[in-house]
Amino acid sequence: MKRFIRKFRRLKEIAAVLTKHELGFLAGWMGLSRPGPEDDTTKKSLPLPTVYERIRMALEELGAAFVKLGQSFSMRADLLPPELIKELEKLQDNVSSVPYDDIKVVVEQELGRKAGVIFQSIEHAPLAAASLGQVHLARLPGGEKVAVKIQRPNIAEEMEADCDIISDITNFLQKYSPWKENYDFIGIGNEFIESLLSELDFYNEGKNADRFRQNFEDDEKVKFPKIYWEYTTRKILVLELIEGTKISNIEELKEREADLKEIAETGTRTYLKQFLEDGFFHGDPHPGNLFYTYDGKLAFIDFGIVGFIDDDLKGKVADLIYAITRKDPQGILNSFFEIGVVPSDVDVRLLKRQISKMVRKYYGISAKDVRAEEIIDDMFTLTTKYKIRVPPDFTLMARTLSILEGIVTKLSPEFVGVEVSRPFLEKLVKERVLSKWDLRQLLENFSDSATALVSLPGHIKYMLERIEEGEIIFKHKPIGLDKYTDQSRRNADKISLAIVVSGLFIGSGLILSTPYLWISITGFVLASVLCIILGVSIIRDKKSSK
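All figures in this text were calculated on a predicted structure; none of them were measured in a lab.

A.B. asks: What am I meant to see in helix 15 (residues 348-360) here?
C.D. replies: With 13 residues, helix 15 extends 18 Å between its outermost C-alpha atoms, agreeing within 8% with the 18 Å of an ideal straight helix rising 1.5 Å per residue. Restricting attention to buried positions, one finds in helix 15 the residues Leu 351, Ile 355, Ser 356, Met 358 and Val 359. The buried residues of helix 15 all sit within an arc of 160 degrees when viewed along its axis, so they share a single face. Away from its buried face by more than 90 degrees, helix 15 exposes Arg 349, Arg 353 and Lys 357. Considering only its buried residues, helix 15 is in contact with helix 14 (329-339) and helix 16 (372-385). Measuring from the backbone nitrogen of Arg 349 back to the side-chain oxygen at the start of helix 15 gives 3.3 Å, which picks out Asp 347 as the cap.

Put into structure tokens, the structure is as follows:
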């Protein structure tokens, strides 16, 4: 009952916010009642930006779950128009910090000790505040500087109602949306809810950080923070404090005489390794999550959003990138079919012409002048237009690549990322070719084929027995014989008609010498008419066969 009441109240809040931002049509569409006139007093004083801007503003006001929902959909360029995607990418967790006394309660409940005992010291003012939690600077008993990420009180309960509402919306879309045949709205909603619940469990973020540290343990130019697991719970994450300059602070980097081109190259190389080698990547590379440390390393923080690319998808991504670099429309088209789910009724020839038109934009343009973001936008415009469904992790990777390009361009406009990507692509292509000749794989394939060959006689015997017993019935339809079948049928009709005409002539002639002269004359007339019809039909068939 408590959950139902919380959900009901939340529905009223959502309806009020949507109406305030001139999105009342969405409230009505969702089956929510429109607030009374007293709730609409603010809307007249509000400016009227575009509908996409108003959607973004409404999501920010609705809080954590809906901000995360918007951020999630900003990665689904295969679902939404580019203008809305641009607005959703601006979504920020504009929340005020929670008082320290409330945060301290969470810490002591989770760790079972007083905060003053757990930490040598902890700053009361947070370093950063977000919708799910906030970060405080602290020192462990051993003196190590750490960042303590603490979940906001009761945030899990608040999100429970929002997740129920989001589930209701996706179920509605799956039943009544005109796009229900093309998109699995329930699957998309469940995937988002699962991702959100995963972010609420800080253990998962800690495991992600550990995995990145392991993947880059031999790279001296990259740093991922250490996790202090003895202090980490589902609601508290304690990690090594990263100290340095945000890579968005170009002026400070210049004052430190940092090599901006080298930072750009390191960032690009790091992400290419994540995409094309590890198959596990940091999915939120905005400038606030990337630092240039005081010992000259590129450091990452915030591991709540990550993406996964299996070996199969890695190969397809490499094929797509290779086709784009060669400006090969057929190769890009093939990649679309391999990576995405293409509707059965798509006009393949028209799609290929659209791809060729897209590729022609980049003829004669040097690699340094080609922007990955523009290519990605063009690609997703086509996937949206032709209702091609692509894996969510692929869209997350594409969005990550676009953000990375923006960061790299600000750091070093003359940097050409294609040169850094070439070794990774060549290595991946070689591995794909060699894998086809891998001895173990060949033996496995041979074993599978041998097993199938041995079992084949048994399968054939089983099929024959089912046929004999009448359990299997074969149906066949001759292909290409319709023309000849129709002609044979017409010829048979003509022969029958000729026989009838002959019979009429003969019978009428025999009756001619009898008292029934009128019958004889009627027979001759009818036979003559039928004879004319037969002649006309023969002439027409001769003309049509020429």
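A.B. asks: Looking at this structure, I do not really get the packing of helix 8 (residues 155-176) against helix 9 (residues 185-200). What am I missing?
C.D. replies: Viewed as axis vectors pointing N to C, helix 8 and helix 9 meet at an angle of 170 degrees, and their least axial separation amounts to 8 Å. Taken together, the axes of helix 8 and helix 9 are roughly antiparallel relative to one another. Each of Ile 155, Ala 156, Met 159, Cys 163, Ile 166, Ser 167, Thr 170, Asn 171, Leu 173 and Gln 174 in helix 8 lies in contact with helix 9, whose residues at this interface are Phe 185, Ile 186, Gly 189, Phe 192, Ile 193, Leu 196 and Leu 200. When grouped by side-chain class, the residues that make up the contact of helix 8 with helix 9 number 12 nonpolar, five polar and no charged.

A.B. asks: Hey, could you run me through the packing of aromatic side chains in this one?
C.D. replies: What describes a pair of aromatic rings is the distance from one ring centre to the other and the angle between the planes of the rings. A complete count under the given rule lists 14 aromatic pairs for this structure. Taking the centre distance of 5.2 Å and the plane angle of 10 degrees together, the rings of Phe 212 and Phe 224 count as stacked. Of the two residues, Phe 212 is situated in helix 10 (residues 202-215) and Phe 224 in the loop between strand 5 (222-223) and strand 6 (236-240); the sequence distance between them amounts to 12 residues. One aromatic cluster is present, built from ring pairs that chain together Phe 212, Phe 216, Phe 224, Tyr 271, Phe 275, Phe 280, Phe 281, Phe 300, Phe 303 and Phe 308.

A.B. asks: What am I meant to see in the pairing of strand 4 (residues 145-151) here?
C.D. replies: When a strand is regular, its side chains alternate between the sheet's two faces. Where burial is concerned, most of strand 4 is hidden: six out of the seven residues are buried. Both strand 3 (residues 133-139) and strand 4 contribute to a ladder of seven bridges, which runs antiparallel. Its bridge partner being in strand 4, Ala 138 is matched across the sheet by Val 146. Hairpin connection of strand 3 to strand 4: five residues between the antiparallel strands, including Gly 143 at a positive phi of 95 degrees. As judged from the five bridges shared by strand 4 and strand 6, these two strands associate in the antiparallel manner. Residue pairing for strand 6: Val 146 is matched across the bridge by Glu 240.

A.B. asks: I tried to follow helix 4 (residues 64-73) on my own but got confused; where do I start?
C.D. replies: Residues that lie three or four places apart on an α-helix share one face, since the helix turns once every 3.6 residues. The buried fraction of helix 4 is high, at eight of 10 residues. Among the residues of helix 4, Ala 64, Ala 65, Phe 66, Val 67, Lys 68, Leu 69, Gly 70 and Gln 71 are the ones counted as buried.

A.B. asks: Just checking my understanding: could you explain the packing of helix 12 (residues 260-278) against helix 17 (residues 392-411) for this structure?
C.D. replies: A packed helix pair is summarised by two numbers, namely the angle formed by the two axes and the spacing between the axes. Contact pair helix 12 / helix 17: the axes reach a minimum separation of 9 Å and the direction vectors enclose 170 degrees. When the axes of helix 12 and helix 17 are compared, the pair comes out roughly antiparallel. Touching Leu 260, Ile 263, Ala 264, Gly 267, Thr 268, Tyr 271 and Phe 275 of helix 12 are Met 397, Thr 400, Leu 401, Leu 404, Val 408 and Leu 411, all from helix 17. When its residues are assigned to classes, the contact of helix 12 with helix 17 shows 10 nonpolar, three polar and no charged.

A.B. asks: Is there a simple way to think about the nonpolar core in this case?
C.D. replies: The tendency in soluble globular proteins is for nonpolar side chains to be buried side by side. Grouped together as the largest cluster of nonpolar side chains are 67 residues, with contacts concentrated most on Ile 263, Phe 300, Ile 332, Ile 355, Met 358, Phe 394 and Leu 411. Counting residues per element, this core draws most heavily on helix 17, which supplies eight residues. Once residues within four sequence positions are removed from consideration, Phe 394 is found in contact with Val 317, Leu 320, Ile 339, Met 379 and Phe 380. With 31 residues, the next largest nonpolar core counts Ala 64, Phe 66, Leu 88 and Ile 155 among its residues.

A.B. asks: How should the environment of Val 107 be read in this particular structure?
C.D. replies: Within the secondary structure layout, Val 107 lies in helix 6 (residues 100-111). When the C-alpha atoms of Val 107 and Val 148 are compared, they prove to be 9.7 Å apart, with 41 residues separating the residues in sequence. With sequence-adjacent residues up to four places away left out, Val 107 is seen in contact with Gly 112, Ile 118, Phe 119, Ile 150 and Ile 236.

A.B. asks: Sorry if this is basic, but what is going on with the sheet that holds strand 5 here?
C.D. replies: Read across the sheet, four strands follow the order 5-10-9-7 without closing on themselves; strand pairing throughout is mixed. The two strands at the open ends of the sheet, each matched to only one other strand, are strand 5 and strand 7 (244-246). Here strand 9 (residues 290-293) pairs with strand 10 (residues 298-300) via three bridges, running antiparallel. Counterpart to Phe 291 in the pairing with strand 10 is Ala 299.

The rules behind these values
- Residues numbered from 1 in each chain as written.
- Predicted model: local features only at pLDDT ≥ 70, side-chain atom pairs only at ≥ 80, totals over all residues.
- Heavy atoms only, no water.
- Helix = DSSP H or I, 4+ residues; strand = E, 2+ residues; numbered from the N terminus.
- Expected span 1.5 Å × (residues − 1).
- Buried < 20%, exposed > 50% of the residue type's maximum accessible area, 1.4 Å probe, protein only.
- Arc of directions from axis to C-beta.
- Contact = heavy atoms within 4.5 Å.
- Polar contact = N/O pair within 3.5 Å; in protein donor to acceptor, adjacent residues only side chain to side chain.
- Axes fitted to C-alpha atoms, helices over the stretch in contact; angles between N-to-C directions.
- Parallel < 35°, antiparallel > 145°, perpendicular 65-115°, else oblique.
- Nonpolar A, V, L, I, M, F, W, Y, C, P; charged D, E, K, R; others polar.
- Phe/Tyr/Trp six-rings, centres within 6.5 Å; stacked < 30°, edge-to-face > 60°.
- Pairing = 2+ DSSP bridges.
- Core = buried A, V, L, I, M, F, W, Y, C linked by side-chain atoms within 4.5 Å.

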